[in-house]
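A look at the structure
Residues per chain are reported as follows:
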Amino acid sequence: MIRILHAADLHLDSAFEALSDAKAALRRSEQRELLLKMARLAETSEARILLLAGDLLDSESPYMETVEIFQQVFGSLEIPVFISPGNHDYWSPRSPYARIKMPENVHIFKSETIQCVELPELGARVWGAGFVSGSAPPLLSGFRAEKSGDLVDIMLIHGQVGAKDSSYNPITEEELAGSGMDYVALGHVHTYSGPRRAGNTWYAWPGCTEGRGFDELGEKGAILADVGIGQCEISFIPLASRRYEIVEVDITSATDIAAALANAVPDDSERDIFRIVLKGECSSEPDINQLYRQFSQRFFELQIRDKTILRRDIWEKAEEDTLRGLFLTKLRRMYEAESGEKEREKIVQAARWGLRALENGEELYTI
Ligand SMILES: [Mn+2]
């Protein structure tokens, strides 16, 4: 069995547009630290190969710090490092990979045609291909490697399994089963796949290594896999420095909204990025700004979304001979003509916002 460390989709130097400039820069430095963490993990776990399955870089113009950490971390590793460029960091003669002087133990797959690197000292072969533009055709189509003695066959590739119309190297289970590989190390999809198997071929993707937004929730990390012929043991190792989480709090029966919030969020979240969504029915709008002031210090970054419904009869003043009356009458007609729940909800929301404006209330911020 050969132990490999498999990561993907680091998306180094992401913009982190939802954060302030300073926090975004901090997040980028934390992304770079992932490489150090990986190197440490490779050493302590005695991994023999490091596989990086694409989208290591978010764009074609990485910061100097990222280039330096590549050279420093990869150069300090005594094991071979393989990179399969993905749609965000595809290979081209002008790509960062062509410009960066990589240490000698780093091998980059530079072609859409699957290539093979033999590692006789490890009893293994590493197969792989790389994106050469922002999309790729099905690269595994028709591929098969015949077994060679007792060498373990591992493939590294960026692509999407089971999405036949994908522009990002769509891969079928049949192709995996027919590939002759013992393990296929994938990247592209940002949620960990868990261990999977097609025929005698094991495969997995680790997901992104660090969440970057509320569509990348929870624990993120890399895969440690012990791979032998026709067998594989996979474990997931958390590596991310911060997590994104969404917590929904129903405040319908809460007498103290702040207490309800305090109850719903964990105590040890000061490193993490939370979105709290208030739900339910209230007799008055929750004071989001006040709640934000009260809770923001408990997180690295906090958003509060108000999705509560006002218990007050919103149409109460519809008969009034005022601008407010006209506004409400018009919206009520729309509301009554509409049958879809979602659309109705939107109209009620519009009525609430409009009433706030007409009654000179504070704007209802969504932070
Ligand atoms: Mn990708």
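Residues numbered from 1 in each chain as written. Predicted model: local features only at pLDDT ≥ 70, side-chain atom pairs only at ≥ 80, totals over all residues.

Turning next to the overall build of the protein chain. A count of helices and strands for the protein chain gives eight helices and 19 strands. Its C-alpha radius of gyration of 26 Å places the protein chain more than 25% over the 21 Å reference for a compact globule of 367 residues. Principal-axis analysis of the C-alpha atoms gives the protein chain an extent of 90 × 40 × 40 Å. The buried share of the protein chain, taken over its 367 residues, is 35%. The long-range fraction of contacts in the protein chain, counting pairs at least 24 apart against all pairs at least 6 apart in sequence, stands at 69%. (Helix = DSSP H or I, 4+ residues; strand = E, 2+ residues; numbered from the N terminus. Rg over C-alpha atoms; globule rule 2.2 N^0.38 Å. Buried ≥ 20, exposed ≤ 12 C-beta atoms within 10 Å, placed from the backbone. Contact = placed C-beta atoms within 7 Å.)

Let us look at the sheet that holds strand S18 (residues 301-306). With parallel pairing, the three strands of this open sheet are ordered in space as S15-S16-S18. In this open sheet, the two edge strands, each paired with only one partner strand, are strand S15 (244-250) and S18. Adjacent strand axes in the sheet meet at a mean angle of 20 degrees, parallel and antiparallel pairs treated alike. One ladder, built from six bridges, connects strand S16 (residues 273-279) with S18; its direction is parallel. From the neighbouring strand, Leu278 faces S18, where its bridge partner is Asp306. (Pairing = 2+ DSSP bridges. Axes fitted to C-alpha atoms, helices over the stretch in contact; angles between N-to-C directions.)

This brings us to the sheet that holds strand S2 (residues 49-52). By way of backbone hydrogen bonds, the strands of a sheet pair with one another, either parallel or antiparallel. In spatial order, the strands read S4-S3-S2-S1-S13-S14; together these six strands make up an open sheet with mixed pairing. Since the sheet does not close on itself, it has two edges, and those belong to strand S4 (106-108) and strand S14 (231-238), each with one partner. Adjacent strand axes in the sheet meet at a mean angle of 20 degrees when their direction is disregarded. Relative to S14, strand S13 (residues 221-228) runs antiparallel, the two sharing eight bridges. Its bridge partner being in S14, Leu224 is matched across the sheet by Ser235.

In this structure, Arg99 sits in helix H3 (residues 96-99). The spacing of Arg99 and Val67 is 32 residues in sequence and 9.6 Å in space, taken between C-alpha atoms.

Turning next to helix H2 (residues 64-76). Its 13 residues place the ends of H2 18 Å apart at the C-alpha level, agreeing with the 18 Å of an ideal helix rising 1.5 Å per residue. Buried residues of H2: Thr66, Ile69, Phe70, Val73 and Phe74, and no others. Summarising the axial view, the buried residues of H2 lie within an arc of 110 degrees, below the 170-degree limit, and thus occupy one face. More than 90 degrees from the buried face of H2, the exposed residues found are Met64, Glu68 and Ser76. Check the buried side of H2 and you find it contacts helix H1 (21-44), strand S3 (81-83) and S4. (Expected span 1.5 Å × (residues − 1). Arc of directions from axis to C-beta.)

Moving on, we get to the domain arrangement of the protein chain. Considered domain by domain, the protein chain is made up of domain 1 (2-238) and domain 2 (244-358). Taken together, the contact between domain 1 and domain 2 spans seven residues of the former and five residues of the latter. In terms of residue class, the side of domain 1 that touches domain 2 is made up of three nonpolar, two polar and two charged. (Domains from an automatic or database assignment. Nonpolar A, V, L, I, M, F, W, Y, C, P; charged D, E, K, R; others polar.)

Close contact between helix H7 (residues 323-337) and helix H8 (residues 341-358) brings their axes to 10 Å; oriented N to C, the two are set at 175 degrees. In terms of orientation, H7 and H8 fall into the roughly antiparallel class. Here H7 contributes Leu323, Arg324, Phe327, Leu328, Leu331, Met334 and Tyr335 to the contact with H8, which in turn contributes Arg344, Ile347, Ala350, Ala351, Gly354 and Leu358. For the contact of H7 with H8, the per-class residue count stands at ten nonpolar, one polar and two charged. (Parallel < 35°, antiparallel > 145°, perpendicular 65-115°, else oblique.)

In this sheet, strand S6 (residues 124-128) lies alongside strand S5 (residues 115-119) in antiparallel orientation, the contact comprising five bridges. The partner of Leu119 across the bridge, within S6, is Ala124. Between S5 and S6, which follow one another and run antiparallel, lie four residues, and Gly123 among them has a positive phi close to 65 degrees.

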